[in-house]
Amino acid sequence: MLHDSQPTELKKKIYTQSLPEHVAIIMDGNGRWAQERRKPRVWGHKKGVESVRAVVKTAGEVGIKYLTLYAFSEENWGRPQSEVSGIMTLLDTFVVRERKELYENNVRLKTIGRIEKLPAKTRKLVQETTEYLKDNDGLTLTIALSYGGRTEISAACRMIAEKVKNHEINVDQIDSELFGQHLSTGSIPDPDLLIRTSGEQRISNFLLWQIAYSELWFSTVYWPDFRREHFLDAIQSYKNRKRRFGLVESVQAPI
Ligand code: FPP
């Protein structure tokens with residue numbers, strides 16, 4: 001395992017071999033973390049933002065190209081109003097306060113999900129920060145907001161069906177590559193590694209199509225406690241795995 005005391009250059013060298021290009025994270029356990037401390041659930045989300053900062057920084061430093069965070073699912077709208085608005089406020093604050101540092105760290109911002117459902121203020125601030133960071137070419141940070149995998153897949157089906165109806169494509173052209181291009185992640189590679197914190201071992205409607213061949217890493221740590229060393233542990237585990245993509249070991253995987 002690598003420690004903070006090791007110089008960044010060394011970390012870069014260690015990680016140049018089989019580093020995941022794209023890491024996706026289901027940030028889970030904020031509520032339980034807060035409840036165990038007899039605090040409101042929003043307190044856990046607030047602490048969770050510190051983990052977001054730590055992981056974004058670490059991912060950029062070790063040379064990961066894409067980091068996708070599940071910040072708010074379609075189902076999360078059903079939570080108490082105070083929790084929903086608390087999360088929205090945290091998002092507002094994050095995209096404003098972190099804008100400059102993200103810029104300096106060459107991070108680009110992207111969102112997936114039905115952002116039209118977000119409060120107008122949040123949408124505006126997220127869009128402003130996205131615009132501000134658009135020319136960066138280091139880490140692409142994708143935040144999933146009002147996101148649901150099944151909704152995304154249905155939307156792609158509708159788009160493709162429309163194109164068939166309008167004779168822009170014919171049915172024989174529909175394959176997994178074309179389908180993937182119609183998802184909101186069309187321009188980015190599928191996740192190599194999916195991390196879920198808090199001990200739960202499920203996918204919760206996240207990137208259903210895209211994680212077909214992802215390696216999975218489940219951590220028992222609640223998201224507010226998840227820091228650099230936990231993230232590096234997951235990366236190290238990924239590096240020790242053999243990905244076969246349904247092939248046998250002697251055959252080169254189609255990357
Ligand atoms: C899941 O924990 C977490 C969320 C639904 C919200 C995550 C939001 C943040 C970390 C803050 C804003 C994000 C960014 C990117 C700045 P949970 O509440 O389901 O936890 P539980 O399972 O213990 O109840």
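Everything discussed here concerns the structure shown above.
For the structure given in this document, a descriptive report is provided here. Along each chain, residue indices are assigned from 1 in the same order as the chain's sequence is written. Only residues with pLDDT of 70 or above have their local features reported here, since the model is predicted, and side-chain atom pairs are shown and tallied only from 80 upward, although totals for entire chains, interfaces and linings are computed over all residues. As a rule here, side-chain values come from all non-hydrogen atoms in the structure, and water together with hydrogens is ignored.

## Quick notes on the packing of aromatic side chains
In step 1: Only Phe, Tyr and Trp rings take part, Trp by its six-membered ring, and two of them pair if their centres are within 6.5 Å. Stacked means planes under 30 degrees apart, edge-to-face means over 60, and tilted covers everything else. One pass over the structure, following the stated rule, counts 8 aromatic pairs.
In step 2: For the ring pair tyrosine 103 and tyrosine 132, a centre distance of 5.3 Å and an interplane angle of 45 degrees mean the geometry is tilted. Here the residue tyrosine 103 occupies a position in helix α5 (residues 99-104), and tyrosine 132 occupies one in helix α6 (residues 120-132), the gap between them amounting to 29 residues.
In step 3: Only protein chains enter the calculation, and the probe is 1.4 Å; a residue is then buried if its accessible area is under 20% of its type maximum, exposed if over 50%, and partly exposed in between. Given a relative accessible area of 43%, tyrosine 103 falls into the partly exposed group.
In step 4: Their ring planes at 20 degrees and their centres at 5.2 Å tell us that tryptophan 223 and phenylalanine 226 sit as a pair that is stacked. To qualify as a helix, a DSSP run of H or I must reach at least 4 residues; to qualify as a strand, a run of E must reach at least 2; elements of each kind are numbered from the N terminus.

## Let's talk about the nonpolar core
In step 1: Here, the term nonpolar core denotes a set of buried Ala, Val, Leu, Ile, Met, Phe, Trp, Tyr and Cys residues that are joined through side-chain atoms within 4.5 Å. By size, the foremost hydrophobic cluster in this structure holds 40 residues, and its most contacted members are Val23, Ile25, Leu67, Leu141 and Phe231.
In step 2: Sort the elements by how many residues they give to this core and helix α4 (residues 81-97) lands first, with 6 residues.

## Looking at the site of the ligand
In step 1: For the ligand, the set of nearby residues contains 16 residues, the closest of which are Met27, Asp28, Arg32, Arg41 and Arg79.
In step 2: Pairs of N or O atoms within 3.5 Å make up the polar contacts considered here, provided that, within protein, one atom can donate a hydrogen while the other can accept it, and that residues adjacent in sequence are counted only when both atoms are side-chain atoms. One of the backbone nitrogen or oxygen atoms of asparagine 30 is found 3.2 Å away from an oxygen atom of the ligand.
In step 3: The protein chains hide 93% of the 630 Å² of surface that the ligand would expose on its own.
In step 4: The site holding the ligand turns out to be the second largest pocket.
In step 5: Contributing elements (two or more residues each) for the shell around the ligand: α2 (30-36), α3 (41-62) and α4.
In step 6: Among the residues forming the shell around the ligand, the class breakdown is 7 nonpolar, 5 polar and 4 charged. We call a residue near a molecule or strand whenever a single non-hydrogen atom of that residue lies within 4 Å of it. Surface accessibility in these figures is a Shrake-Rupley result with a 1.4 Å probe; residues are shielded only by whichever protein chains are displayed. Cavity means a closed set of points on a 1 Å grid over the protein atoms alone, one where a 1.4 Å probe fits but cannot get out, pocket means an open set with protein on both sides within 12 Å along at least 5 of 7 lines, and lining means a residue has an atom within 4 Å of a point. Throughout, a molecule is located in a cavity or pocket provided that more than half of its atoms lie within 2 Å of its grid points. Under this grouping Gly is polar, as are all residues other than the nonpolar Ala, Val, Leu, Ile, Met, Phe, Trp, Tyr, Cys and Pro and the charged Asp, Glu, Lys and Arg.

## Structural notes on the packing of α3 against α4
In step 1: To get an axis, a line is fitted to the C-alpha atoms, and for a helix only the part in contact is used. The angle between two axes follows their N-to-C directions and goes from 0 to 180 degrees. For the pair α3 and α4, the least separation of the axes is 9 Å and the interaxial angle reads 25 degrees. Viewed along their axes, α3 and α4 adopt a mutual orientation that is roughly parallel. In this structure, α3 crosses over α4, and the sense of that crossing is right-handed. On α4, the residues that touch Arg41, Val42, His45, Lys46, Val49, Val52 and Arg53 of α3 are Ser82, Glu83, Gly86, Ile87, Leu90 and Phe94.
In step 2: Its residues assigned to classes, the contact of α3 with α4 comprises 6 nonpolar, 3 polar and 4 charged. An angle counts as roughly parallel when it lies under 35 degrees, as roughly antiparallel when it exceeds 145, as roughly perpendicular when it falls between 65 and 115, and as oblique in every other case. It is the rotation of the near helix from the far one that decides the hand of a crossing: anticlockwise by less than a right angle makes it left-handed, clockwise makes it right-handed. We call two residues contacting when some pair of their heavy atoms lies within 4.5 Å.

No statement about biological role is implied by the geometric values presented.
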